[in-house]
Every structure is written in structure tokens, then in C-alpha cells.
Amino acid sequence: MKLTLVRHATLILETSLGRVLVDPMLDPAGARPPIENTPNQRRNPLVELPLPADEIVAGVDLCVVTHLHQDHLDDTAAATLPRTTPILTQPESADALAARGFTNVRTSHDAIAMTRGRHGTGEIADVLGPVSGWVLDGVYVAGDTVWCDEVRDALDRHRPRVAVLNGSGAHFVGGDPIVMDAGDVRRVREATDGQVVVVHLEAINHCLEPRSVYREIDGVHVPADGETIDV
């Protein structure tokens, strides 16, 4: 399989099912205000796309949306994706996607397994709501989650050959991380014999740990925006 990191958590996977687009965030740099109550008050996204939005959605056979926060499905993506694009998402997000005009929304797939996670800890996780991950062709796309029982269970159950993790230790002022930080990635590295790839870095203002932090972890690959790797 080939995996292309577009930007942030937006991936293009060349799979046995065709071209799969994950969590499209396609707004131009600076299109949205900063996420509030975070240390780095810069407009989002922080960086431009490495290629045009039209090229990113061209030929997509399936779009996976792990949850509906704007950094995983933004207005540009919603406007650019054809309304008939098959979309796979968690049950909690299906009605909202249908309400946006998408006509082929599904919550299960015979060849793809859904996993769960926790978008932070305690009350903040409750506020941020449910999230999902997905396993396709032995590749586990964990989604926005910290290290938790759900992630451990996914690794134990599916034994993925690749785990794609959303890093950066994103957090609000005074709060705990809402996605994996470097410590969580090390825990995943210790829990799996498979390849570990870290994305979700340096593109949104509350994502504070840079790529350099994760490149210091043995056995972890950290692609650049626009980079394609074999997994």
C-alpha cells in the first residue's frame, strides 16, 4: 500500500479497495480563526496544501471521516467532494454528513473494521465527543485519540502491520493532551511489532509538539506534507 500524507490528518491511501481519502481538511492556509484557549494563537490551517484540492479528491473511491471536527472535514472539503462520493464514518456522524448533502454515507464496510478511541481524558473527552479509527489492509488509522484501552484493544485484536497515529500533543491551556503526545506514541511503539507512522503535526494552532520530537523515537516514521511512503 502507498500512503500519502497530504497535510495534518488528511491521507490518501492506495488500497485493495482503490483510492481512499481520509479526513480531508482542504481549506487554504489562514482560512479559519485560531482554536481558542490554546497557547499558539495563529489562524488555521498554519500551512498551505502541498497540491490543489481538486487533485486531492480526484478519483477517490471512498472517503473516510473519523469525526466531524473542522480539522478532519472542513468547508472546502465538503464543497469539493462530489456529493455521490461513498463516505464511511462513525454512526454518530452519519446524519450530519447526510444533512450536508452527501448521498452515499455508510457506517460499516465488509472490508474495513471500525475502532474506537478517546479524544482526551475526563470532561474534555466528553465535550469533544466520540471518535473512530479504521483498519484497512492491515493499516490502522487510529484517528484523534490518546493512548487508552480502546487503542490497546485495537492493536491486540487487529494486529496491524502499520499504525498511523495522530500526534502533536494538542491541548487547551491548562489541560491534558487530546491526541497522542510523544509519550503515547512510545507506548504504541512498545505495544506493536508493526510500523508506526505519525501525522497530525504542524498544521493547526493547538498542535504543539513538532515533527522533530517524533523523529527522535526509534522505529517511527514521520512523513512531510505531500510525502508518499510504502507501508
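In what follows, the accompanying structure is described. (Residues numbered from 1 in each chain as written. Predicted model: local features only at pLDDT ≥ 70, side-chain atom pairs only at ≥ 80, totals over all residues. Heavy atoms only, no water.)

Digging into the pairing of strand β11 (residues 195-199)
Within β11, four of the five residues are buried, which leaves it mostly tucked inside the rest of the structure. Relative to β11, strand β10 (residues 162-166) is paired through five bridges, and the arrangement is parallel. Within β11, the residue paired with A163 across the bridge is V196. Running through helix α6 (residues 182-191), the crossover from β10 to the neighbouring parallel element β11 is right-handed. In terms of strand pairing, β11 meets strand β12 (residues 220-221) through two bridges, oriented parallel. The partner of V196 across the bridge, within β12, is V220. (Buried < 20%, exposed > 50% of the residue type's maximum accessible area, 1.4 Å probe, protein only. Helix = DSSP H or I, 4+ residues; strand = E, 2+ residues; numbered from the N terminus. Pairing = 2+ DSSP bridges. Right-handed = clockwise from strand over helix to strand, strands pointing away.)

So, the nonpolar core
The biggest cluster of nonpolar side chains holds 21 residues, and the ones touching the most others in it are Y140, V151, L165, V185, V188, V198 and Y214. By size, the runner-up hydrophobic cluster in this structure holds 20 residues, among which are L11, V64, V162 and V231. (Core = buried A, V, L, I, M, F, W, Y, C linked by side-chain atoms within 4.5 Å.)

Digging into the sheet that holds strand β13 (residues 228-230)
Strand order in the open sheet made by the seven strands is β6-β5-β4-β3-β2-β1-β13, with mixed pairing throughout. At either end of the open sheet lies a strand with only one pairing partner, and these are β6 (105-106) and β13. Of the pairings in the sheet, the one linking strand β1 (residues 2-7) to β13 comprises three bridges and is antiparallel in character. What sits directly across from K2, in β13, is D230.

Some thoughts on the side chain of D144
The topology assignment puts D144 in the loop between β9 (139-141) and α5 (149-158). Buried charge D144 goes without a salt bridge, the closest partner of opposite sign being R32 at 11 Å. In this structure the side chain of D144 is engaged in a polar contact, spanning 3.3 Å, whose partner is the side chain of H67. Within the local environment of D144, its side chain forms a polar contact with the side chain of H200, the two groups lying 3.3 Å apart. (Lys, Arg positive; Asp, Glu negative; His and termini not counted. Salt bridge = Lys/Arg side-chain N within 4 Å of Asp/Glu carboxyl O. Polar contact = N/O pair within 3.5 Å; in protein donor to acceptor, adjacent residues only side chain to side chain.)

Some details on the sheet that holds β9
Sheet strands pair via backbone hydrogen bonds, and the direction of the pair is either parallel or antiparallel. If you walk across this open sheet you meet the six strands as β7-β8-β9-β10-β11-β12, and the pairing is mixed. Of all the strands in the sheet, just β7 (113-116) and β12 have a single pairing partner and so form its edges. Contacts from α5 reach β7, β8 (132-136) and β9, with the element oriented near 150 degrees to β7. Relative to β11, α6 is tilted by about 160 degrees, and along the sheet it contacts β10, β11 and β12. (Contact = heavy atoms within 4.5 Å. Axes fitted to C-alpha atoms, helices over the stretch in contact; angles between N-to-C directions.)

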